[in-house]
Amino acid sequence: MKEKILVENLVKKYGDNTVLNNVSTSIKEGDVVCIIGPSGSGKSTFLRCLNRLEEPTSGDIIIDGAHLMDKTTNINQVRQHIGMVFQHFNLFPHLSVLENIMLAPMDLKGSPKKEAEEQATKLLETVGLADKKNMYPDNLSGGQKQRVAIARALAMNPDIMLFDEPTSALDPEMVGDVLNVMKKLAKQGMTMVIVTHEMGFAKEVANRVMFIDGGNFLEDGTPEQVFNNPQHERTQDFLDKVL
Ligand code: ADP
Ligand code: MG
């Protein structure tokens, strides 16, 4: 499979705090990678470096052949191919569900309104919220908001989706619906990098699990390898706490 994301010698420091300590990895088309690790270990920082929401201190990130750190690279163009979903949904409160999803294709790609609306309607069906299209975010549950946020990210037809703890802010009964939407995406072959504490989801859906601690990926393998036969004591300690 084609390489989608290449990270080489990525270093990210905040002052004296080295959060990512010379990290390298390669992610292929269709990979579903779950990143696990303790709080403060750099999971969000790593994910945000992948679309340069965070500026790396040094190293290279290459997305579909585009060198993110090159001055000549149009980062906004690269970002259009990368959908991102955050823990807190960040929907626009003054726009309806449908309008939230239509906005980026119309503003950034110049999609005609009718086309954007048709696509948004389809995406709402995909995430199981066709009947909510005229509602406003404030009137939705957390799980519904997160599914709208996923539909909004998909509206740009990304070929990579990044998820930063998409279910961490949800009431337990909402988590399943969001994970099911993500599972559907994975089955369709979407390249996904997911920071999550949902170990059951990681086991079932991911083809790769990476454990980060102390600025490094200590584990990188199949769910079975990482969960059943971790190479580092620190991984086992972490798993003992969360499983
Ligand atoms: P995680 O997502 O794994 O919980 P983060 O990537 O958010 O961890 O943070 C990793 C480390 O980087 C933490 O020690 C955090 O305090 C620090 N950090 C994150 N963002 C900033 C920032 N904008 N300024 C300074 N330190 C930061
Ligand atoms: Mg985080």
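Residues numbered from 1 in each chain as written. Chains lettered and ligands numbered in written order. Predicted model: local features only at pLDDT ≥ 70, side-chain atom pairs only at ≥ 80, totals over all residues. Heavy atoms only, no water.

Enquirer: Can you help me understand the overall build of the chain in this one?
Expert: A tally of helices and strands in the chain yields nine helices and 10 strands. A compact globule built from 243 residues would reach a C-alpha radius of gyration of about 18 Å, and the chain, at 18 Å, matches this within 12%. Its C-alpha atoms give the chain principal-axis dimensions of about 50 × 45 × 35 Å. Taken over 243 residues, the chain has a buried fraction of 51%. (Helix = DSSP H or I, 4+ residues; strand = E, 2+ residues; numbered from the N terminus. Rg over C-alpha atoms; globule rule 2.2 N^0.38 Å. Buried < 20%, exposed > 50% of the residue type's maximum accessible area, 1.4 Å probe, protein only.)

Enquirer: Even after reading the chapter, I still don't get the site of ligand 1, so can you show me in this structure?
Expert: For ligand 1, the full set of nearby residues is Y14, N17, V19, P38, S39, G40, S41, G42, K43, S44 and T45. In this structure, a nitrogen atom belonging to ligand 1 sits 3.4 Å away from a side-chain N or O atom of Y14. For ligand 1, an oxygen atom lies 3.4 Å from a polar atom in the side chain of N17. In the complex, 58% of the free accessible area of ligand 1, which totals 570 Å², lies under the protein chains. (Near = heavy atom within 4 Å. Polar contact = N/O pair within 3.5 Å; in protein donor to acceptor, adjacent residues only side chain to side chain. Areas by Shrake-Rupley, 256 points an atom, 1.4 Å probe, with all protein chains shown as cover.)

Enquirer: For this particular structure, what's the right way to read the environment of D31?
Expert: Here D31 lies in the loop between β2 (17-28) and β3 (32-36). D31 sits 175 residues away from A206 along the chain, and the two C-alpha atoms are 7.7 Å apart. In this view, D31 contacts M190, T191, M192, N207 and R208; residues no more than four positions away in its chain are not counted. A distance of 2.8 Å separates a polar atom in the side chain of D31 from the backbone nitrogen of K28. (Contact = heavy atoms within 4.5 Å.)

Enquirer: Explanation requested: the sheet that holds strand β1 (residues 3-14) in the structure shown.
Expert: Adjacent strands of a sheet form backbone hydrogen bonds with each other and so pair up, either parallel or antiparallel. Strand order in this open sheet of four strands is β2-β1-β4-β5, and the pairing throughout is antiparallel. The sheet is open, and its two borders are formed by β2 and β5 (66-67), each paired with just one other strand. In terms of strand pairing, β1 meets β2 through nine bridges, oriented antiparallel. In the strand pairing of β2, V7 is matched with T25. (Pairing = 2+ DSSP bridges.)

Enquirer: Any chance you could explain the packing of helix α3 (residues 97-109) against helix α5 (residues 142-154) here in plain terms?
Expert: Any two packed helices are characterised by the angle at which their axes cross and by the distance between the axes. At a minimum axis distance of 8 Å, the contact between α3 and α5 shows a crossing angle of 25 degrees. In terms of orientation, α3 lies roughly parallel with respect to α5. Crossing of α3 over α5 shows right-handed handedness. Side by side, α3 and α5 meet where V97, N100 and I101 of the first sit next to V148, A151 and R152 of the second. Considered class by class, the residues forming the contact of α3 with α5 number four nonpolar, one polar and one charged. (Axes fitted to C-alpha atoms, helices over the stretch in contact; angles between N-to-C directions. Parallel < 35°, antiparallel > 145°, perpendicular 65-115°, else oblique. Left-handed = near helix turned anticlockwise from the far one by under 90°. Nonpolar A, V, L, I, M, F, W, Y, C, P; charged D, E, K, R; others polar.)

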